[in-house]
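Summary of the model geometry
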Amino acid sequence: MATTTATTATKYWSGGRSPFNVEYGKLMMWYFLMSDAFTFGAFLISYGTTRFATNGWPNPNHVFNAFPGIQGNLPLLFLSLMTFILILSSVTMVLAVHEGHNMNKSGVAKYLALTILGGLAFLGCQAWEWTHLHHEGAWWGSNPFPNADGSTSTTNFTNFFFTITGFHGFHVFSGVIINIIMLIMTLKNKFEQRGHYLIIEKAGLYWHFVDLVWVFVFTCFYLL
Amino acid sequence: MEHVTTAAIHHDKNVGGGRKEIFRVTIILSVLTIIELGFGFSMYYINNTLTIHFIKGIIVILMLAKAFYIVAYFMHLKHELRNMIMTIVVPLLLFVWFIIAFLTDGNSFNNLKNRYNGYYKEHMSQPMQKKEETK
């Protein structure tokens, strides 16, 4: 391995090793996530463009004001719960990756299980919210909420909301599936035999990306 | 080849800050989220358009800060080699142009519609009737 010669600096580009000092799979996961970021970016920018091309827009504080089991006007409370569930599941995923570096099988399994629970809780929250909005008459092509100043709104509000949160929810769903596969492989000692838990890191990258997208989606739809 | 790559990763494994860093970033993310939600909630009581725009600006900055912490620490991008960081981050700079170009375009389209399309302006300013019978 041509790592060190007379010079002190490591020669990453002289061959025999990854120039970026990462595995092939991890690098490709990063490039996939970059392309996925452009997909979500395109969705969010088209939402922004449409919003800028419209007089008035519904106030999210008046639309998202319900919480399961509690009566009354509670703006943003349910959203806060969903956001914290996703952040915490991201934290447990980092901890799973960390345990994987230390070759601690039971730690990886424990934190992966917690991450899966967090993902399922988030999906449950989203299912409840969609059902609730649907009962209020909101769906693709139907928007019961007037603009913030009471004037007539367009169906773009609900169209974009359901499309983008739906696309994000689908990412969460696939992330949960990936994590379940990782958990099964961990429990079957696949990674112990392989000698490393590097694939957990790639699943972790995907899961953090889902959390990252939620940061943008929830800000654009619920706060701005 | 596989052996070489694995060796390189093992050499790398302690570069990140470990549990301490994870908990620090968790706290930062939670605090930023609470502030962000607080600002979002405060707009419920504010009617001044200029103040609302100012608050929305702050929320966008907080959003970008959160994105930075997730990518840099949770996804470990900060601990990668500089060349790799650049192959990820530089293409994303396209978003700067996307956002400026498309939002300006949308705004311009709205101005044109308001100026030349009388129906659009009139229809949009009508108070919206509640459709109670629809389920």
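Residues numbered from 1 in each chain as written. Chains lettered and ligands numbered in written order. Predicted model: local features only at pLDDT ≥ 70, side-chain atom pairs only at ≥ 80, totals over all residues. Heavy atoms only, no water.

Evaluated as defined, the whole model comprises 5 salt bridges over all chains. For Lys66 of chain B, the salt bridge is made with Glu36 of chain B, and the minimal N-O distance between the two is 3.2 Å. With a gap of 30 residues between them, Lys66 of chain B in helix H3 (residues 49-74) and Glu36 of chain B in helix H2 (residues 18-42) connect regions that are remote in the sequence. Summarising the burial analysis for this pair, Lys66 of chain B and Glu36 of chain B share the class buried. Via salt bridges that share partners, Lys26 and Glu201 of chain A together with Glu80 of chain B belong to a single interconnected network. (Salt bridge = Lys/Arg side-chain N within 4 Å of Asp/Glu carboxyl O. Helix = DSSP H or I, 4+ residues; strand = E, 2+ residues; numbered from the N terminus. Buried < 20%, exposed > 50% of the residue type's maximum accessible area, 1.4 Å probe, protein only.)

Next up on the list: unusual backbone geometry. Residues and elements named next belong to chain A. The backbone of Met103 shows a phi angle near 60°, a positive value even though the residue is not glycine. As for its placement among the helices and strands, Met103 is situated in the loop between helix H3 (77-101) and helix H4 (105-135). Of the residues examined, Met103 reaches a relative accessible area of 31% and is grouped as partly exposed. One non-glycine residue, Asn189, adopts positive backbone phi at about 65°.

One pass over the structure, following the stated rule, counts 39 aromatic pairs over all chains. Here Trp13 of chain A and Phe20 of chain A contribute two aromatic rings whose centre-to-centre distance is 5.9 Å and whose plane-to-plane angle is 90°, an arrangement assigned as edge-to-face. In this structure Trp13 of chain A comes out as exposed when scored by relative accessible area, which is 59%. Their ring planes at 90° and their centres at 5.9 Å tell us that Trp130 of chain A and Trp139 of chain A sit as a pair that is edge-to-face. On the accessibility criterion, Trp130 of chain A (18% relative accessible area) is buried. Sitting above the plane of the Tyr73 of chain B ring, Arg24 of chain B keeps its charged end 5.6 Å from the centroid. (Phe/Tyr/Trp six-rings, centres within 6.5 Å; stacked < 30°, edge-to-face > 60°. Lys NZ or Arg CZ within 6 Å of the ring centre and 35° of its normal.)

Okay, the interface of chain A and chain B next. With 69 residues of chain A in contact, the opposing surface of chain B contributes 63 residues. Taking both partners together, chain A and chain B bury about 6200 Å²; carbon and sulfur atoms supply 72% of that area. Three residues stand out in chain A for area buried against chain B, namely Trp30, Asn55 and Thr152 of chain A, and they jointly supply 11% of the buried area on that side. There are 2 salt bridges connecting chain A and chain B. Here Glu80 of chain B ties to Lys26 of chain A by a salt bridge, and the two come within 2.9 Å at their closest N and O atoms. Where chain A packs against chain B, one counts 17 residue pairs in polar contact (both at pLDDT 80 or more). Of the residues in the side of chain A that touches chain B, the class split is 37 nonpolar, 26 polar and 6 charged. (Contact = heavy atoms within 4.5 Å. Buried area = accessible area lost by both parts, 1.4 Å probe. Polar contact = N/O pair within 3.5 Å; in protein donor to acceptor, adjacent residues only side chain to side chain. Nonpolar A, V, L, I, M, F, W, Y, C, P; charged D, E, K, R; others polar.)

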